[in-house]
Amino acid sequence: MKVPFPALKSHYPLLRSLRTGFRDLLQRGAARCAKAIGVNPVMTNWALESAARRGLVETVKAALRVVGDIGFDLRYGTDTTRSVEIHRQHAESYRATEAASLMSLMRKLNLPKGGVFVDLGSGKGRVLLIAAQLGFKRIVGVEFSGELCEIARENVKAFSRRTQLAARIDIVRSDVANYLIESEQSVFFMYNPFDEVVMARVLTNLRSSITRFPRRIWLIYGKPVHDEAVSKSDLFSACEEFQIRGTRFKVYSN
Ligand SMILES: C[S@@+](CC[C@H](N)C(=O)[O-])C[C@H]1O[C@@H](n2cnc3c(N)ncnc32)[C@H](O)[C@@H]1O
């Protein structure tokens, strides 16, 4: 097990060997503790690396967020937490939005529950389930990975069994760049799903939809890496920014 250790340049051989000895001791100790309490070494490595990078307090907060997400899956019998690597040009891999931060954000916003909620790059469908929990009656997830669409459909079934879900949730297997936006769709969600190439296509599709069917729309953008493209598109007149727990969101409306 590798314990990240702050780089310390020392010209004194004694200091250098003390530092190396201390690091080895720490590495052996961490490995033994992890083994003794039955913790997965991958998790221990993640915790140690995270503590070195962002400090102990932030690491504990991040770990609690993962525990909360695992709790979501246990409560509803779903599989939404485990990440999945996606090897495709312009696409980000599957990482789920943290359940508690999205719920907290959506409760703050005055979104029209009568409109259709669409997650562009919906992965295993956690956001769709949260939209249903928060009162949306028609929900669509657009995702190009067949494997993730299958998992999302199973998740919807499991969630419906436990919650007597009243919403209709459709999972559409498609590249969002080619997805035709419908006139009743009014709340769009994205959690850092793709790069600026696909983003440009999505913004063009949104523009032609509201030109053909003028209406109010909202775009909730979690981890908004390409927010500049959204601002430059001039599609939206208002933008609010939120930092909720570990997630940054931008919420646009026209
Ligand atoms: C970061 S995950 C977010 C998943 C989900 N929206 C959430 O917040 O929990 C991004 C997802 O977008 C999907 N994706 C990326 N590019 C896409 C594209 N062009 N068309 C459809 N899905 C795409 C990926 O396969 C992945 O599942």
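Look above for the structure.
A quick note: this is a predicted structure, and the numbers were derived from the prediction, not measured.

Draft legend 1. Expanded view of the pairing of strand S2 (residues 138-143). Of all six residues making up S2, five are buried, and the element is well covered by its neighbours. One ladder, built from four bridges, connects strand S1 (residues 116-120) with S2; its direction is parallel. Residue pairing in the sheet places Val118 in a bridge with Val140 of S2. At this point the chain moves from S1, through helix H5 (residues 126-133), to the parallel S2, and the crossover so formed is right-handed.

Draft legend 2. Spotlight on helix H7 (residues 196-212). For H7, which comprises 17 residues, the first-to-last C-alpha distance of 24 Å matches the rise-based estimate of 24 Å (1.5 Å per residue) to within 8%. Buried residues of H7: Val198, Met199, Val202 and Leu206, and no others. All buried residues of H7 fall inside an arc of 100° around its axis, so they share one side. Along H7, exposed side chains directed more than 90 degrees from the buried face belong to Val197, Ser208, Thr211 and Arg212.

Draft legend 3. Expanded view of the packing of helix H4 (residues 99-108) against H5. Where H4 contacts H5, the two axes come as close as 10 Å, and the packing angle between them is 40°. Considering the angle they form, H4 stands oblique to H5. Read as a crossing pair, H4 and H5 show a hand that is right-handed. Each of Ala99, Leu102, Met103 and Met106 in H4 lies in contact with H5, whose residues at this interface are Arg126, Val127 and Ile130.

Draft legend 4. The sheet that holds S2, seen in detail. Spatially, S3-S2-S1-S4-S5-S7-S6 is the arrangement adopted by the seven strands of the open sheet, whose pairing is mixed. Edge strands, defined here as strands with exactly one partner in the open sheet, are strand S3 (168-173) and strand S6 (238-244). Direction aside, neighbouring strands of the sheet carry axes that sit 15° apart on average. Across five bridges, strand S5 (residues 218-222) lies against strand S7 (residues 247-253) in antiparallel orientation. The partner of Leu219 across the bridge, within S7, is Tyr252. Set on the sheet, helix H6 (residues 146-163) makes contact with S2 and S3; between it and S3 the angle comes to about 170°.

So, how was this worked out
Residues numbered from 1 in each chain as written. Predicted model: local features only at pLDDT ≥ 70, side-chain atom pairs only at ≥ 80, totals over all residues. Buried ≥ 20, exposed ≤ 12 C-beta atoms within 10 Å, placed from the backbone. Helix = DSSP H or I, 4+ residues; strand = E, 2+ residues; numbered from the N terminus. Pairing = 2+ DSSP bridges. Right-handed = clockwise from strand over helix to strand, strands pointing away. Expected span 1.5 Å × (residues − 1). Arc of directions from axis to C-beta. Axes fitted to C-alpha atoms, helices over the stretch in contact; angles between N-to-C directions. Parallel < 35°, antiparallel > 145°, perpendicular 65-115°, else oblique. Left-handed = near helix turned anticlockwise from the far one by under 90°. Contact = placed C-beta atoms within 7 Å.

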